[in-house]
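Letter by letter, the chains look like this.
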Amino acid sequence: MRIALFSDIHANLEALDAVLADAAAQGCDSHICLGDIVGYNADPVACIERVQALGCPVIKGNHDQDSGSDSSLEMMNSNAAEAIRWTREQLSPEQRTWLARLRLVRQIQDFTVVHSTLDQPTSWNYVTNKFDAMANFSYQVTSVCFYGHTHVPRVFVSDNRVHEVPAESIVIEAETKYFINTGAVGQPRDGDWRASYCIYDTDRKTVHFRRIEYDIQTAQAKIIAAGLPEFLAERLAQGR
Ligand code: ZN
């Protein structure tokens, strides 16, 4: 199987469609969505519909949880909170319920998927260094786990120690654990504006990172037209 794993779409339809087209061209026969379908950008309804149409496993991100509930947004930065309030108004009650009922962690075949981290998936902690990764690995029972949330493609490895390797093509070795961040489809934060996702070839035991150009001008224009904060359009071009 060639599985396309993608995270943090964040209502960026242009980026999502470019990723899905690339995944098809790359021969992917299934998909997995790692959460944060909505939030920040201007196409939450269409992005939910696209993901639902795939009929694939989906897990919950913090923006999905906040958009699907009436949770307090006091702890969130103001741009993110403004986008969540706007998103709540766009979604149907059915879509909000669907988001709210997504699961936090799933095991699929012989690997695991989670939005933030396995040690405390409801705390939405950010895994950005090997010490964060160690906490995750102590709860990871499968060789491979994919995650998102930081919007930065990363690969942490646990063999006789925990270390980080470049987020490039990797081969899954026996007796080794991998905690792999696919990067973000709809709002990358590693200085590269292009949409990021991974292809896991379960027969060859390889993971490839892909970066895909998309129609960023259209995505930015929709953010402005929706009355969302201009900063959310600017940051797409900066990859921040
Ligand atoms: Zn996110």
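Predicted model, so just to flag it, every value in this text is computed and none were measured. (Residues numbered from 1 in each chain as written. Predicted model: local features only at pLDDT ≥ 70, side-chain atom pairs only at ≥ 80, totals over all residues. Heavy atoms only, no water.)

Further remarks concern the pattern of salt bridges. Inspection of the entire model under this criterion finds 12 salt bridges. Among the ionic pairs, Arg2 bridges to Asp201, the shortest N-O distance being 3.4 Å. Here Arg2, found in strand E1 (residues 2–6), pairs with Asp201, found in strand E10 (residues 195–201); they are 199 residues apart in sequence, far enough to count as distant. When its relative accessible area of 19% is taken as the criterion, Arg2 is described as buried. Judged by its relative accessible area of 5%, Asp201 falls in the buried class. (Salt bridge = Lys/Arg side-chain N within 4 Å of Asp/Glu carboxyl O. Helix = DSSP H or I, 4+ residues; strand = E, 2+ residues; numbered from the N terminus. Buried < 20%, exposed > 50% of the residue type's maximum accessible area, 1.4 Å probe, protein only.)

Here we come to the nonpolar core. Ranked by size, the top nonpolar core spans 45 residues in total, and within it Phe6, Ile9, Leu16, Ile37, Val185, Tyr197 and Tyr214 carry the most contacts. Elements with a contribution of two residues or more to this core: E1, helix H1 (13–25), helix H2 (44–54), helix H4 (78–90), E10, helix H7 (216–225) and helix H8 (230–238). Looking at this core, the element that brings in the most residues is H1, giving 7 residues. Residues within four places of Val185 in sequence aside, it is in contact with Phe6, Ser7, Asp8, Ile9, Ala15, Leu16, Val19, Ala195 and Ser196. Counting residues in each nonpolar core, the second largest holds 20 residues, with Ile32, Ile170, Tyr178 and Tyr200 among its members. (Core = buried A, V, L, I, M, F, W, Y, C linked by side-chain atoms within 4.5 Å. Contact = heavy atoms within 4.5 Å.)

Turning to the sheet that holds E10, a few remarks are in order. Ordered in space as E2-E1-E10-E11-E8, the 5 strands form an open sheet in which the pairing is mixed. What marks the edges here is a single partner per strand, and that holds for strand E2 (30–33) and strand E8 (170–171). Where H1 meets the sheet, its contacts fall on E1, E2, E10 and strand E11 (206–212), and the angle it forms with E10 comes to roughly 30°. (Pairing = 2+ DSSP bridges. Axes fitted to C-alpha atoms, helices over the stretch in contact; angles between N-to-C directions.)

Okay, the layout of surface pockets next. Considering only enclosed or pocket space, the largest pocket measures out at about 390 Å³ in volume. Looking at the lining of the largest pocket, the element that brings in the most residues is helix H3 (residues 62–68), giving 4 residues. Of the residues in the lining of the largest pocket, the class split is 7 nonpolar, 9 polar and 5 charged. (1 Å grid on protein atoms, 1.4 Å probe; cavity = no way out; pocket = protein on both sides within 12 Å on 5 of 7 lines; lining within 4 Å. Points joined across faces, edges and corners; volume = space filled by probe spheres on them. Nonpolar A, V, L, I, M, F, W, Y, C, P; charged D, E, K, R; others polar.)

This part takes up the coordination of the zinc ion. Protein coordination of the zinc ion is provided by Asp8 (OD), His10 (NE2), Asp36 (OD) and His151 (NE2), with donor distances spanning 2.0 to 2.4 Å. Between the donor residues of the zinc ion, the gaps in sequence give the motif D-x1-H-x25-D-x114-H. With His10 in the loop between E1 and H1 and Asp36 in the loop between E2 and H2, this pair connects stretches of sequence that are 26 residues apart. You'll find His10 and Asp36 in the same group, each marked buried. (Donors = N, O, S within 2.8 Å, 3.2 Å for Na, K, Ca; no water.)

Within the element layout of this structure, Ile199 appears in strand E10. Residues Ile199 and Ala4 lie 195 residues apart in sequence; the distance between their C-alpha atoms is 4.7 Å. Ignoring sequence-local partners within four residues, the contact set of Ile199 consists of Arg2, Ile3, Gln26, Cys28, Thr206, Val207, His208 and Arg210.

Summarising burial for E1: 5 of the 5 residues are buried, a large majority. Taken together, the 4 bridges between E1 and E2 define a ladder with parallel strand orientation. Within E2, the position partnered with Phe6 by the bridge is Cys33. Each parallel crossover has a hand, and the one from E1 via H1 to E2 is right-handed. (Right-handed = clockwise from strand over helix to strand, strands pointing away.)

Before going further, it helps to examine the packing of H7 against H8. Close contact between H7 and H8 brings their axes to 8 Å; oriented N to C, the two are set at 170°. Comparing their axes, H8 and H7 come out roughly antiparallel. Across the interface between the two elements, Ile216, Ala219, Gln220, Ile223 and Ile224 of H7 pack against Glu230, Leu232, Ala233, Glu234, Leu236 and Ala237 of H8. When the residues that make up the contact of H7 with H8 are grouped by side-chain class, the tally is 8 nonpolar, 1 polar and 2 charged. (Parallel < 35°, antiparallel > 145°, perpendicular 65-115°, else oblique.)

Attention now goes to the packing of aromatic side chains. On inspection of all chains with the given rule, the structure shows 6 aromatic pairs. The interplanar angle of 85° and the centroid separation of 5.8 Å between the aromatic rings of Phe111 and Phe146 together place this pair among those described as edge-to-face. Remark: Phe146 occurs in strand E5 (residues 144–147) and Phe111 occurs in strand E4 (residues 111–114); sequence separation between them is 35 residues. By the burial criterion, Phe111 is buried, and Phe146 matches it. Seen in terms of ring centroids, Phe137 and Phe179 are 6.3 Å apart; in terms of plane orientation they differ by 65°. Their pairing is edge-to-face. Of the two residues, Phe137 sits in helix H6 (residues 130–137) while Phe179 sits in strand E9 (residues 177–181), which places them 42 residues apart along the sequence. When its relative accessible area of 0% is taken as the criterion, Phe179 is described as buried. (Phe/Tyr/Trp six-rings, centres within 6.5 Å; stacked < 30°, edge-to-face > 60°.)

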